[in-house]
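# Architecture and fold: a report
Each chain is listed here by its residues.
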There are 2 protein chains.
Amino acid sequence: MATGRLSTGRLSIVGLGPGDASLLTDQARQALQRADRLYGYQPYLDRLQLAEGQQAFPSDNRVEAERAREALTAACEGHQVVMVSGGDPGVFAMASAVCEQIEAGPDAFKQLDVDIVPGISAMLAAAAACGAPLGNDFCVISLSNNLKPWELIEHRLRMAARAGFAMAFYNPVSKARPWQLGQAFDVLGEELAGDIPVIFSRAISRPDQQIRVSTLAEAQAEWADMSTLIIIGTEYTRIIAREERSPLIYTPRRIPQ
Amino acid sequence: MATGRLSTGRLSIVGLGPGDASLLTDQARQALQRADRLYGYQPYLDRLQLAEGQQAFPSDNRVEAERAREALTAACEGHQVVMVSGGDPGVFAMASAVCEQIEAGPDAFKQLDVDIVPGISAMLAAAAACGAPLGNDFCVISLSNNLKPWELIEHRLRMAARAGFAMAFYNPVSKARPWQLGQAFDVLGEELAGDIPVIFSRAISRPDQQIRVSTLAEAQAEWADMSTLIIIGTEYTRIIAREERSPLIYTPRRIPQ
């Protein structure tokens, strides 16, 4: 590193992917190696082995704004900062939270070197684990109504159903949000056929990975937890049964006239 | 490799990411190293440096079904086969095409070891390059009407606009499809405000990367080519101007009541 750059801080927002270290990109690994301070939700930081001279600043999962401000402030002080994100930082994760704080914060935040290193998002990993259920047009919805009105989520579900989109749901349930996924299934049940495939993908790429395939009529919200990503198929989605192998589920690229 | 497995073929469908080799995952790299035959669209295969004993079978971009059948047949013959895909194989790419051929093909195709290695899709890389425009609910639409009716695409655009989704468009234009993107802008113009941000992301992560930021009212379809991914923001999407730096564009997680 050139001497003149030693005091120049930087913030990299890095996607760690769904869990398995082999799903990290080289770019993410390089950004992690460069950092002297790493910020993020504790379970994501716990995945990393820190080198000497690297310091972790773990935080809880409800304090994204504070975490983002602390990381930006450290970068302004000259640190090489990484903010880690599960999956991809741009999909219901830290990139938007950091941008919010850059916009609201002091001018120094806007003068910083900030870069975002994409990651394998949970929806891509979950789809790959069972075939290609997102192989045609699809949408991605967070079912958390912590930051947006539930009525808007219901409206979006109805529009998505009428569009014929496959769907990926992030944040389907939590202890504080027990009813949202069941309500989402009910709304979709009013719009779509009961035999549309529903895939519960839990802890994808991690040792306790579980995939459960059901239908809109049969799916039970209690099968999901905070680590579950839900995929809703379309009327065209196909399930290929295979002997001694889990089925392949895919949405064809072709839609007839 | 155990002797008893030598004759057991396998097909891995591998996402190469948007272009830059540093956006490959370790899992993708390992799958590529294992292969003795590699199939795919010529420009994707051209990105790879093959080792001794590896053979490439490049094909044109309109022959996905034939390519998938050839790769499956080679795996049935005992080869370690990789099918490469740009971006992520599950997003308008080869995973769905291979599944189609497995379903339509002989029983032997259904008895094969098939796995899908996810990749950084163009939409994630394009979003990361400019901020977090897909930071709230969004949808992903291929504008190609080669395999689905244009009327369905227009319907999906209208539903997506009414849902308030950000949007990522794949396959916006080609020589054979010159008018679709302009028509999509017109449809969205009937549904959405003219000042909604539109991002043209061309050749993301490659040496000739270009990002152009416009609005729905000003955007010109001729700014796009086959290598362009289009992102449409929402009424909440923010643009943070920065001195001597490109603007940061993000869609906030919070949507007021």
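Check the entry above for the structure.
Being a predicted model, the structure only gives us computed values, none of them experimental.

### Quick word on helix α3 (residues 64-76) of chain A
All names here are of chain A. Compared with the 18 Å implied by 1.5 Å per residue over 13 residues, the 18 Å span of α3 between its first and last C-alpha is a close match. Of the residues making up α3, those classed as buried are Arg-67, Ala-68, Ala-71, Leu-72, Ala-74 and Ala-75. The buried residues of α3 occupy an angular sector of 160 degrees when the element is viewed end-on, so they sit on one face. For α3, the elements touching its buried residues are β1 (10-15), β2 (37-41), β3 (55-59), β4 (80-85), α4 (94-104) and α5 (107-110). Among the residues trailing α3, Gly-78 stands out with phi positive, at a value near 110 degrees.

### As for the relation of the copies chain B and chain A
Related by rotation about an axis and a shift along that axis, the two copies of the chain form a pair. In the superposition of chain B on chain A (RMSD 0.0 Å, axial shift 0.0 Å), the rotation amounts to 180 degrees. The transformation relating the two chain copies, once decomposed into turn and shift, fits a two-fold axis. The fraction of interface residues of chain B whose copies in chain A are also interface residues reaches 100%, indicating that both copies meet through the same surface.

### Regarding the environment of A:Ala128
Tracing the chain through its elements places A:Ala128 in helix α6 (residues 122-130). Judged by its relative accessible area of 9%, A:Ala128 falls in the buried class. For the pair formed by A:Ala128 and A:Ile204, sequence separation is 76 residues and the distance between their alpha carbons is 9.8 Å. Leaving out residues up to four positions away in the same chain, A:Ala128 has contacts with B:Ile116 and B:Pro118.

### A closer look at the pattern of salt bridges
For the coordinates displayed, the defined rule picks out 28 salt bridges over all chains. For A:Arg10, the salt bridge identified is with A:Asp115, shortest N-O distance 3.1 Å. Note that A:Arg10 is positioned in strand β1 and A:Asp115 in strand β5 (residues 113-117), a separation of 105 residues in sequence. Ionic pairing is found between B:Asp137 and A:Arg156, a salt bridge with its closest N-O pair at 2.7 Å. Pair noted here: B:Asp137 is in the loop between β6 (131-132) and β7 (138-142) and A:Arg156 is in helix α7 (residues 150-163), and the two residues belong to different chains. Both residues of the pair, B:Asp137 and A:Arg156, count as buried.

### Examining the pairing of strand β1 (residues 10-15) of chain B
All names here are of chain B. Across the six residues of β1, five count as buried, placing the element largely inside the fold. Sheet topology note: the β1/strand β4 (residues 80-85) ladder contains six bridges and is parallel. Bridge pairing in β4 places Arg-10 opposite Gln-80. Sheet analysis places β1 next to strand β5 (residues 113-117), joined by five bridges and oriented parallel. Residue Val-14 lies in a different strand from β5, and its bridge partner there is Val-117.

### Things to note about the sheet that holds β7(B)
Spatially, 10 strands are ordered β10(A)-β9(A)-β11(A)-β8(A)-β7(A)-β7(B)-β8(B)-β11(B)-β9(B)-β10(B) in an open sheet, and the strand pairing comes out mixed. Whereas interior strands pair on both sides, the edge strands pair on one side only; in this sheet they are β10 (210-215) of chain A together with β10 (210-215) of chain B. Pairwise comparison of adjacent strand axes, ignoring direction, gives a mean angle of 15 degrees for this sheet. Pairing of strand β9 (residues 197-202) of chain B with strand β11 (residues 228-232) of chain B, which is carried by five bridges, proceeds in the antiparallel orientation. Note that in β11(B) the partner of B:Phe200 across the bridge is B:Ile230. Taken strand by strand, helix α8 (residues 180-191) of chain A contacts β8 (166-170), β9 (197-202) and β11 (228-232) of chain A, and its axis lies near 0 degrees from that of β11(A). Along the sheet face, helix α8 (residues 180-191) of chain B touches β8 (166-170), β9 and β11 of chain B and points at about 0 degrees away from the line of β11(B).

### What about a nonpolar patch on the surface?
A cluster of nonpolar side chains, namely A:Ile211, A:Val213 and A:Ile239, defines an oily patch on the protein surface of about 210 Å² accessible area. Looking at where A:Ile211 falls in the secondary structure, it is placed in strand β10.

### Some words on the interface of chain B and chain A
Taken residue by residue, the interface counts 74 residues in chain B and 74 residues in chain A. Taking both partners together, chain B and chain A bury about 6,600 Å²; carbon and sulfur atoms supply 56% of that area. Considering only the surface of chain B that becomes buried against chain A, B:Leu147, B:Arg156 and B:Arg253 emerge as the three largest contributors, covering 12% of it. Between the two partners, chain B and chain A, sit 14 salt bridges. Put simply, A:Glu100 and B:Arg253 hold a salt bridge, and the shortest N to O gap is 3.3 Å. At the junction of chain B and chain A, the tally comes to 40 residue pairs in polar contact (both at pLDDT 80 or more). Among the elements that line the side of chain B that touches chain A, the one with the most residues is helix α7 (residues 150-163) of chain B, at eight residues. In the side of chain B that touches chain A, the residues fall into 39 nonpolar, 16 polar and 19 charged. In the sheet, strand β7 (residues 138-142) of chain A pairs with β7(B) via three bridges, with the strands oriented antiparallel. Residue pairing in the sheet places A:Val140 in a bridge with B:Phe138 of β7(B).

What counts, and where the lines are drawn
- Residues numbered from 1 in each chain as written.
- Chains lettered and ligands numbered in written order.
- Predicted model: local features only at pLDDT ≥ 70, side-chain atom pairs only at ≥ 80, totals over all residues.
- Heavy atoms only, no water.
- Helix = DSSP H or I, 4+ residues; strand = E, 2+ residues; numbered from the N terminus.
- Expected span 1.5 Å × (residues − 1).
- Buried < 20%, exposed > 50% of the residue type's maximum accessible area, 1.4 Å probe, protein only.
- Arc of directions from axis to C-beta.
- Contact = heavy atoms within 4.5 Å.
- Least-squares fit on C-alpha atoms with pLDDT ≥ 70 in both.
- Salt bridge = Lys/Arg side-chain N within 4 Å of Asp/Glu carboxyl O.
- Pairing = 2+ DSSP bridges.
- Axes fitted to C-alpha atoms, helices over the stretch in contact; angles between N-to-C directions.
- Patch = residues over 30% accessible without salt bridge, like charges linked within 9 Å, V, L, I, M, F, W, Y side chains within 5 Å.
- Areas by Shrake-Rupley, 256 points an atom, 1.4 Å probe, with all protein chains shown as cover.
- Buried area = accessible area lost by both parts, 1.4 Å probe.
- Polar contact = N/O pair within 3.5 Å; in protein donor to acceptor, adjacent residues only side chain to side chain.
- Nonpolar A, V, L, I, M, F, W, Y, C, P; charged D, E, K, R; others polar.

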